[in-house]
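Listed here are the chains, written in short residue letters.
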Amino acid sequence: MFYTMNSTDNIFSHTLNPMDTVADDVTEGKFTEKHFVFAIINTLIAIPVITMDILVVKFYKDQYRKFVPCMYLLISISDGLTATFATVASGLIIAAYWKEKQLPREAEYSLIIATAGWGVFYRISVFLNLLLSAARTIKIRTPFYIIKMKTAVLCFTIYSTLWVTIAMVDIITIPLSHTFRYVHNAKLGLSIGGLIQKKYDDKEIETFYGATTELILVIIPFIVPALLSSICLFLLYKSLSQPPPNETSAVNQRHVTTTVTYLTLLFCICNSASTLYFLFAEYIYELFLGNEAITGDVIMTCLLNLTLPLINATLSPIIIIARSSELSGRIQQIFRMRQS
């Protein structure tokens, strides 16, 4: 589950023998062509994410006192920062791989920071999606219950501070000799909390305790949101299956509910796929079936645990823009002005 690397090893390699195994690459501390290709893919996905999130933020920044617009605003900021850190991390991998040489110390630190930031803001985005779907579900089930903005913001602040603190400890304490392991182990952003797991290194019981700690770090930010969001999605869909109302206010509320349902469905698909793959590959397959963990597979790990969350971040602002006639109209106006 953990990977070791000597401080003198080069963490980037431009050559890959087709007969080499993924395990060999991990042991030697090398980024292969597969990492290089997915770094390019992630960069190409992340750039439009940043652009669209900027448009959403500019539109909703003056509506932050309203709950749903505030959630759209915070989700867009989190997705935009996730994509930004993903772009930085991918860019460093691409640059070093292309030049076939070791990154300077400053760049290696930047790679660790970018990887940690990627994991932190992905977690925050997951939490915000859950908060939005849960709040909308509560609103439907108990229409007269008022969700206080201060309570929601406080929960968001505490949760975000928790993961930012853990990430900062990682960044400060992680040795450069562990850069490759930290980046390679970023499936589901699990590099966050690497310091907690690191104390079990080089012990016979490391696999058990390391797996237990890592499982806890998956349950809180990923499994719990996946389960609760699935419940919310069912209740939201059930409410939308009712006959549509005639009153204008009720129609507007239904429109908001439909938008939140789309966002929740997208989130459930992307987050659940990443979480279920990780659980199967890392725990069910290894601990219960007695086989080696298969999360060393670079393609599946990068696709399901790194690229898929970026796809979620891409489609989220598209849904928000498409469901807002005023926002989509402004964007169309901007394009017309640039073309004229």
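Small disclaimer: the values here were computed from a predicted structure and weren't measured.

## Description of the side chain of Thr82
Here is step 1 of the chain: Along the polypeptide, Thr82 turns up in helix α3 (residues 67–99).
Here is step 2 of the chain: Take Thr82: its relative accessible area is 5%, and that puts it in the buried class.
Here is step 3 of the chain: Among the polar contacts listed, one links the side chain of Thr82 to the backbone oxygen of Ser78, at a separation of 2.8 Å.

## A word on the packing of aromatic side chains
Here is step 1 of the chain: Scanning the model with the defined rule gives six aromatic pairs in all.
Here is step 2 of the chain: Note on Tyr159 and Trp163: the rings are 6.3 Å apart at their centroids and 65° apart in plane angle, and the pair reads as edge-to-face. With Tyr159 and Trp163 both in helix α5 (residues 149–173), this residue pair falls four residues apart, about one helical turn. The burial state of Tyr159 is the same as that of Trp163; both residues are buried.
Here is step 3 of the chain: Among the aromatic residues, those joined into a cluster by ring pairs are Phe59, Tyr60 and Tyr72.

## Considering the packing of helix α4 (residues 105–141) against α5
Here is step 1 of the chain: For the pair α4 and α5, interaxial distance at closest approach is 10 Å and the crossing angle is 160°. As judged from the angle between their axes, α4 and α5 are roughly antiparallel. Seen from above, α4 lies across α5 with right-handed handedness. For the pair formed by α4 and α5, the contact residues are Ile112, Ile113, Ala116, Val120, Arg123, Ile124, Phe127, Leu128 and Leu131 on the first element and Ala152, Cys155, Phe156, Tyr159, Ser160, Trp163, Val164, Ala167 and Ile171 on the second.
Here is step 2 of the chain: Residues belonging to the contact of α4 with α5 are distributed by class as follows: 16 nonpolar, one polar and one charged.

## Considerations on the state of the cysteines
Here is step 1 of the chain: Applying the stated rule across the entire model yields zero disulfides.
Here is step 2 of the chain: Left without a disulfide partner, Cys268 is nearest to the cysteine sulfur of Cys232, which lies 8.3 Å away.
Here is step 3 of the chain: Residue Cys268 is classed as buried on the basis of its relative accessible area of 8%.

## Structural notes on helix α11 (residues 325–339)
Side chains of residues three or four places apart in an α-helix project in the same direction, reflecting 3.6 residues per turn.
Here is step 1 of the chain: For α11, spanning 15 residues, the distance from its first C-alpha to its last is 21 Å, which sits close to the expected 21 Å at 1.5 Å a residue.
Here is step 2 of the chain: Among all positions in α11, only Leu327, Ser328 and Ile331 are buried. Axial view of α11: buried residues confined to an arc of 100°, hence all on one face. The exposed residues of α11 that point more than 90 degrees off its buried face are Ser325, Arg336 and Met337.

## Description of the confidence of the model for the protein chain
Here is step 1 of the chain: Taken as a whole, the protein chain shows an average pLDDT of 75; of its residues, 69% reach a score of 70 or greater.
Here is step 2 of the chain: Within the model, pLDDT remains below 50 along residues 1–29, and this stretch shows 71 contacts once partners closer than five positions in the same chain are excluded.
Here is step 3 of the chain: For the stretch residues 198–209, pLDDT sits under 50, and the model shows 15 contacts to residues farther than four places along the chain or on other chains.

## Some details on the side chain of Thr314
Here is step 1 of the chain: If you trace the backbone, Thr314 turns up in helix α10 (residues 298–323).
Here is step 2 of the chain: Residue classification places Thr314 among the buried residues on the basis of a relative accessible area of 15%.
Here is step 3 of the chain: A polar contact of 2.8 Å, which involves the side chain of Thr314, links it to the backbone oxygen of Leu310.
Here is step 4 of the chain: For Thr314, the contacting residues outside a window of four places in its chain are Ile45, Val49 and Met52.

## Description of the pattern of salt bridges
Here is step 1 of the chain: Under the criterion given, the structure shown has two salt bridges.
Here is step 2 of the chain: Here Lys61 ties to Asp62 by a salt bridge, and the two come within 3.6 Å at their closest N and O atoms.
Here is step 3 of the chain: For Asp62, a relative accessible area of 61% translates into the label exposed.

## Brief notes about the environment of Leu111
Here is step 1 of the chain: Assignment of secondary structure puts Leu111 in helix α4.
Here is step 2 of the chain: Between the C-alpha atoms of Leu111 and Ile171, which are 60 residues apart in sequence, the distance is 10.0 Å.

## Section: the packing of helix α2 (residues 33–60) against α11
Here is step 1 of the chain: Following both chains from N to C, one finds α2 and α11 inclined at 120°, their axes separated by 11 Å at the closest point. As the angle between them shows, α2 and α11 are arranged oblique. The two elements α2 and α11 cross, and the hand of that crossing is right-handed. Facing α2, whose interface residues are Leu55, Val56, Phe59 and Tyr60, α11 presents Glu326, Leu327, Arg330 and Ile331.
Here is step 2 of the chain: Residues belonging to the contact of α2 with α11 are distributed by class as follows: six nonpolar, no polar and two charged.

## Re the environment of Leu128
Here is step 1 of the chain: Secondary-structure assignment places Leu128 in helix α4.
Here is step 2 of the chain: In this structure the C-alpha to C-alpha distance between Leu128 and Met71, which are 57 residues apart in sequence, comes to 6.9 Å.
Here is step 3 of the chain: Leu128 has contacts with Met71, Leu74, Ile75, Ser78 and Phe156, leaving out every residue within four places of it along the chain.

## A short note on the nonpolar core
A general feature of soluble globular proteins is that nonpolar side chains tend to end up buried together.
Here is step 1 of the chain: Tyr60, Met71, Tyr72, Leu128, Leu132, Ile320 and Leu327 are the most contacted members of the largest nonpolar core, which totals 41 residues.
Here is step 2 of the chain: Mapped onto this core, the elements with two or more residues apiece are α2, α3, α4, α5, α8 (206–240), α9 (248–288), α10 and α11.
Here is step 3 of the chain: Element by element, the count of residues in this core is highest for α4, at nine residues.
Here is step 4 of the chain: With residues up to four places along the chain from it excluded, the contact list for Ile320 reads Val56, Tyr60, Tyr72, Ser76, Leu263 and Leu327.
Here is step 5 of the chain: Of all hydrophobic cores here, the second largest spans 18 residues; its members include Phe38, Ala89, Leu92 and Leu111.

Here is what the cut-offs are and how they apply
- Residues numbered from 1 in each chain as written.
- Predicted model: local features only at pLDDT ≥ 70, side-chain atom pairs only at ≥ 80, totals over all residues.
- Heavy atoms only, no water.
- Helix = DSSP H or I, 4+ residues; strand = E, 2+ residues; numbered from the N terminus.
- Buried < 20%, exposed > 50% of the residue type's maximum accessible area, 1.4 Å probe, protein only.
- Polar contact = N/O pair within 3.5 Å; in protein donor to acceptor, adjacent residues only side chain to side chain.
- Phe/Tyr/Trp six-rings, centres within 6.5 Å; stacked < 30°, edge-to-face > 60°.
- Axes fitted to C-alpha atoms, helices over the stretch in contact; angles between N-to-C directions.
- Parallel < 35°, antiparallel > 145°, perpendicular 65-115°, else oblique.
- Left-handed = near helix turned anticlockwise from the far one by under 90°.
- Contact = heavy atoms within 4.5 Å.
- Nonpolar A, V, L, I, M, F, W, Y, C, P; charged D, E, K, R; others polar.
- Disulfide = S-S within 2.5 Å.
- Expected span 1.5 Å × (residues − 1).
- Arc of directions from axis to C-beta.
- pLDDT = per-residue confidence, 0-100.
- Salt bridge = Lys/Arg side-chain N within 4 Å of Asp/Glu carboxyl O.
- Core = buried A, V, L, I, M, F, W, Y, C linked by side-chain atoms within 4.5 Å.

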